[in-house]
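What follows is each chain in one-letter form.
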Amino acid sequence: MFFGTYAPKLDEKGRIILPAKFRDELSPGIVMTRGQENCLYVFTTREFEAYYAKISQAPLTDQSGRSFSRMMFSGASAEQPDKQNRVTIPANLRAWAGLDRDLTVIGAGNRVEIWDTAAWDVYLSEQEEPFANITEEVIPGLI
């Protein structure tokens, strides 16, 4: 499980050093793809395969399922961290997520998310009040 918030920098070659707490799980290989709210999702290869198995069950006749599948898989890139625990973020994904030098990397349970720090700060400030004011059960059995 991934959790926590980290602030690595994107280097001039488009690489990021993985947070130390994520390295063991991510070192065998990752799949990086478009995420919602213009962040990037980073999955272990195993978790991405499980995710694919679930998505592939959507019928081809369902337009929303096709669109979601296209967005996820057309932007996906398998990457291997190097010996210094750096991983390259492909140029198309950097552009899509608007990544600049300052990044925020968060653990989001079964995945890691990579955000441009300015975008993360805006998102976080917009979500603080709705998070504090949740009065109904959003996740069954949780609240």
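Bear in mind the structure is a predicted one, so any value in this text is a computation, not a measurement.

**Let's talk about the nonpolar core**
Alright, step 1. Among the nonpolar cores identified, the biggest contains 19 residues, and Leu26, Met32, Leu40, Ile89, Leu99 and Ile114 are the most heavily contacted of them.
Alright, step 2. Secondary structure elements with two or more residues in this core: strand 3 (30–34), strand 4 (40–44), helix 4 (91–97), strand 7 (103–107) and strand 8 (112–116).
Alright, step 3. Contacts of Leu26, omitting those with residues within four sequence positions, involve Phe2, Leu18, Val42, Thr44, Pro81 and Val112.
Alright, step 4. If you look at the next biggest cluster of nonpolar residues, it comprises eleven residues, including Cys39, Tyr51, Ile55 and Trp115.

**As for the packing of aromatic side chains**
Alright, step 1. Across all of its chains, the model carries ten aromatic pairs by this definition.
Alright, step 2. Considering the side-chain rings of Phe43 and Phe48, the 5.7 Å spacing of their centres and the 50° angle between planes classify their relative orientation as tilted. The exposure classification of Phe43 matches that of Phe48, with both residues buried.

**Describing the sheet that holds strand 5 (residues 77–79)**
What links the strands of a sheet is backbone hydrogen bonding, and the strands pair in either a parallel or an antiparallel sense.
Alright, step 1. A sheet is described by the order of its strands in space; here six strands give the open sequence 1-7-8-4-3-5, paired in antiparallel fashion. Across the chains shown, the open sheet's two edge strands, defined by having one partner strand only, are strand 1 (5–6) and strand 5.
Alright, step 2. By the bridge criterion, three bridges tie strand 3 to strand 5 in an arrangement that is antiparallel. The partner of Ile30 across the bridge, within strand 5, is Glu79.

**A short note on the UniProt feature "domain: SpoVT-AbrB" (unreviewed entry) in the protein chain**
Alright, step 1. The residues that UniProt annotates with the feature "domain: SpoVT-AbrB" (unreviewed entry) are residues 5–47 and 76–119.
Alright, step 2. Along residues 5–47 the backbone is 16% helical and 35% strand, and the end-to-end C-alpha distance reaches 20 Å.
Alright, step 3. Within residues 76–119, the helical portion is 23% and the strand portion 36%, while the C-alpha atoms at the span's ends are 21 Å from each other.

**Considerations on the side chain of Ser77**
Alright, step 1. Looking at the element boundaries, Ser77 is found in strand 5.
Alright, step 2. Once residues lying within four places of it in the same chain are set aside, the contact partners of Ser77 are Ile30, Val31, Met32, Pro90 and Leu93.

**Overview of the pairing of strand 4**
Sheet faces and side chains relate simply in a regular strand, where the side chains alternate between the two faces.
Alright, step 1. Of all the five residues making up strand 4, five are buried; the element is thus mostly covered by neighbouring parts of the structure.
Alright, step 2. Residues Leu40, Val42 and Thr44 point to one face of strand 4 and Tyr41 and Phe43 to the other, with burial holding for every one of them.
Alright, step 3. The sheet contact formed by strand 3 and strand 4 spans five bridges and is antiparallel. Residue Val31 lies in a different strand from strand 4, and its bridge partner there is Phe43.
Alright, step 4. In sequence, strand 3 turns back onto strand 4 through a hairpin of five residues, with Glu37 there showing a positive phi of about 60°.

**Focus on the pairing of strand 7**
Alright, step 1. Across the five residues that make up strand 7, a large majority, five, are buried.
Alright, step 2. In terms of strand pairing, strand 1 meets strand 7 through two bridges, oriented antiparallel. Within strand 7, the position partnered with Tyr6 by the bridge is Val105.
Alright, step 3. Bridge count for strand 7 against strand 8 is five bridges, and the pairing is antiparallel. Opposite Val105, over in strand 8, you have Ile114 as the bridge partner.

Calculation notes
Residues numbered from 1 in each chain as written. Predicted model: local features only at pLDDT ≥ 70, side-chain atom pairs only at ≥ 80, totals over all residues. Heavy atoms only, no water. Core = buried A, V, L, I, M, F, W, Y, C linked by side-chain atoms within 4.5 Å. Buried < 20%, exposed > 50% of the residue type's maximum accessible area, 1.4 Å probe, protein only. Helix = DSSP H or I, 4+ residues; strand = E, 2+ residues; numbered from the N terminus. Contact = heavy atoms within 4.5 Å. Phe/Tyr/Trp six-rings, centres within 6.5 Å; stacked < 30°, edge-to-face > 60°. Pairing = 2+ DSSP bridges. UniProt positions renumbered as here; feature names shortened; annotations may be inferred.

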